[in-house]
Amino acid sequence: MRPMYRNLAILLLAAASGLTEEKPVRTRAEVEARGREVIAAYEDKRLASYGILDVTRRPYLADPSGKRDSTRAIIQAMRDARDARLVTFLPAGRYLVSDTLECVQGTVARDHWDYGPADPVVEHESYHFPCSLVGQGPADTRLVLADHARPFQNAQDPKPLIHFWARNETRSDGKTNPLAPQPNISFNQTILGLEIVLGKGNPGAIGIEHQCAQGSSIQDVRIDARGAFAGVRRLPGSGGGLHGVAVEGGRYGIYARGAGPLRGSQPVPVVSGLVLRGQTEAALLYDGRGPLTVVGAAVEGAGIRSEGSKGAPWDGGVNVVDSILRPAAGVCAVASAHPVYLANVFVENGERIACLEGAPKLRAPGGGWTHVREYAAGASFNY
């Protein structure tokens, strides 16, 4: 489905479900007016004064016992918190959901342009109204996808449980489309302190999709992706980051691949405190702009794989620093069509530690543990 029609379908579905309809482009005055309505309707004015919107309070009443479906309540809470410039907070509990929890950083136009009509670009202030979803911590706040949820059945067209994105900012000459995503302006959007369980019988499920830039992040999140497609699809970069994330199972722990010039990530993504275990195809598959840097990781089972375009040698590199790799038998710990750099990396039973196209493989001298103090190599291809 084309992005324009897909997003139109989402708007129609939201209207049918009773969710507040989303205008693709609003003025700041419109957003602030909606924010005042949100705070007026929200029952806990004390929490609002602290900048917190609790999804279990009125009018949202998400169910922390996990008995009732909380999909609609959480989506509406995220949208309202964005407009009121509050943090969407999920207290400790188990929240049952059955569809994507989507929040869009909408296009917010200035009410007045102070500098005159110098060009056809409309000045925007969208970054003042980011989406957030914050739990009490992965040991306490759990989002659970219902077993055999209909939207997550197609492994060939996987779908995220949590999806944050930013609209393409429109020009007054109409040359851009606010229904399409623009990840390089997805600023200050945060997903923090959650456990995500992707349920049984959901082969097309992904935990989080959040390709974003400055100020945005995924932090302190644990994902049970057993039987699902992936824990995370696409990566933050350009000043955004992914930190303290653990993924158990799935075909992929992190699937950083996509369409367009940036493909699977914003430029030069940095990932720290990563734990990937039990994936069936790749612990981390990278195809993004610039090199990926992984720091302080523990990767067990499947390996790290980079498959960037050979037409762009500056893309697709992999740096692994201060990490532990425990590949399964016959698996290369780090395989790449682009340069690889390792520093202070410990590898257990690493028959093949680094495998680059056209270059000699880095192998362990024997069984047990190998300490790679420093290694650098480039794949051989013409450019």
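To keep things clear, this report deals only with the structure shown in the data block. (Residues numbered from 1 in each chain as written. Predicted model: local features only at pLDDT ≥ 70, side-chain atom pairs only at ≥ 80, totals over all residues. Heavy atoms only, no water.)

Some words on the overall build of the chain
Link 1 in the chain: Summing up its helical and strand segments, the chain has 4 helices and 26 strands in all.
Link 2 in the chain: Of all 383 residues assigned to the chain, the portion counted as buried reaches 52%.
Link 3 in the chain: Per element, the accessible surface of the chain, about 16,400 Å² overall, is 53% carbon and sulfur. (Helix = DSSP H or I, 4+ residues; strand = E, 2+ residues; numbered from the N terminus. Buried < 20%, exposed > 50% of the residue type's maximum accessible area, 1.4 Å probe, protein only. Areas by Shrake-Rupley, 256 points an atom, 1.4 Å probe, with all protein chains shown as cover.)

Let's talk about the sheet that holds strand E11 (residues 205–209)
Hydrogen bonds between backbone atoms are what pair the strands of a sheet, whose relative direction is either parallel or antiparallel.
Link 1 in the chain: If you walk across this open sheet you meet the 9 strands as E5-E9-E11-E13-E15-E18-E21-E23-E25, and the pairing is parallel. Since the sheet does not close on itself, it has two edges, and those belong to strand E5 (101–105) and strand E25 (354–356), each with one partner. Looking at each pair of strands side by side, their axes are set apart by 15 degrees on average, direction ignored.
Link 2 in the chain: Sheet topology note: the E11/strand E13 (residues 230–233) ladder contains 3 bridges and is parallel. Opposite Ile-206, over in E13, you have Ala-230 as the bridge partner.
Link 3 in the chain: Each of E5 and strand E9 (159–166) is contacted by helix H4 (residues 71–84), which is oriented at about 15 degrees to E5, the strand it contacts most. (Pairing = 2+ DSSP bridges. Axes fitted to C-alpha atoms, helices over the stretch in contact; angles between N-to-C directions. Contact = heavy atoms within 4.5 Å.)

Structural notes on the packing of aromatic side chains
Link 1 in the chain: Under the definition given, this model contains 3 aromatic pairs.
Link 2 in the chain: Here Phe-229 and Tyr-252 contribute two aromatic rings whose centre-to-centre distance is 5.5 Å and whose plane-to-plane angle is 50 degrees, an arrangement assigned as tilted. Taken as a pair, Phe-229 in the loop between strand E12 (217–224) and E13 and Tyr-252 in strand E15 (residues 252–256) lie far apart in primary sequence, 23 residues in all.
Link 3 in the chain: By relative accessible area, Phe-229 is classed as buried at 5%.
Link 4 in the chain: On the accessibility criterion, Tyr-252 (6% relative accessible area) is buried.
Link 5 in the chain: Here the aromatic rings of Phe-229 and Tyr-255 are separated by 5.1 Å at their centres, their planes lie at 70 degrees, and the arrangement is edge-to-face. Of this pair, Phe-229 sits in the loop between E12 and E13 while Tyr-255 is found in strand E15, placing the two residues 26 residues apart along the sequence.
Link 6 in the chain: Aromatic rings pair up to connect Phe-229, Tyr-252 and Tyr-255 into one cluster. (Phe/Tyr/Trp six-rings, centres within 6.5 Å; stacked < 30°, edge-to-face > 60°.)

As for the environment of Asp-63
Link 1 in the chain: Mapped onto the secondary structure, Asp-63 falls in the loop between strand E2 (52–54) and H4.
Link 2 in the chain: A C-alpha to C-alpha distance of 8.3 Å links Asp-63 and Gly-93, two positions 30 residues apart in sequence.
Link 3 in the chain: Asp-63 has contacts with Arg-68, Ser-70, Arg-94 and Tyr-95, leaving out every residue within four places of it along the chain.
Link 4 in the chain: Reaching out from Asp-63, the side chain makes a polar contact with the backbone nitrogen of Lys-67 at a distance of 3.0 Å.
Link 5 in the chain: Engagement of the side chain of Asp-63 in a polar contact is seen with the backbone nitrogen of Arg-68, the distance being 2.8 Å. (Polar contact = N/O pair within 3.5 Å; in protein donor to acceptor, adjacent residues only side chain to side chain.)

A look at the nonpolar core
Link 1 in the chain: Counting 78 residues, the largest nonpolar core has Ile-74, Leu-143, Ile-162 and Leu-274 as the members making the most contacts within it.
Link 2 in the chain: Per-element tally for this core: the top contributor is H4, with 7 residues.
Link 3 in the chain: Setting aside anything within four residues of it in sequence, one finds Ile-162 in contact with Leu-101, Leu-133, Leu-143, Ile-191, Leu-194, Ile-196, Gly-207, Ile-208 and Glu-209.
Link 4 in the chain: Counting residues in each nonpolar core, the second largest holds 7 residues, with Ile-206, Ala-230, Ala-282 and Leu-285 among its members. (Core = buried A, V, L, I, M, F, W, Y, C linked by side-chain atoms within 4.5 Å.)

Here we look at unusual backbone geometry
Link 1 in the chain: In this structure, the amide linkage connecting Arg-58 to the following residue, Pro-59, adopts the cis form with an omega of 10 degrees.
Link 2 in the chain: Looking at the secondary structure, you find Pro-59 in the loop between E2 and H4.
Link 3 in the chain: A positive phi angle is found at Val-268, which is not glycine, with a value near 40 degrees.
Link 4 in the chain: Along the chain, Val-268 turns up in the loop between E15 and strand E16 (270–272).
Link 5 in the chain: Using a relative accessible area of 47% as the deciding quantity, one classes Val-268 as partly exposed.
Link 6 in the chain: Here Asn-344, not a glycine, exhibits a phi torsion of approximately 55 degrees, which is positive.
Link 7 in the chain: Its location among the elements puts Asn-344 in strand E24 (residues 340–348).
Link 8 in the chain: A residue is classified by how much of its surface remains accessible, and Asn-344, at 30% relative accessible area, is partly exposed.

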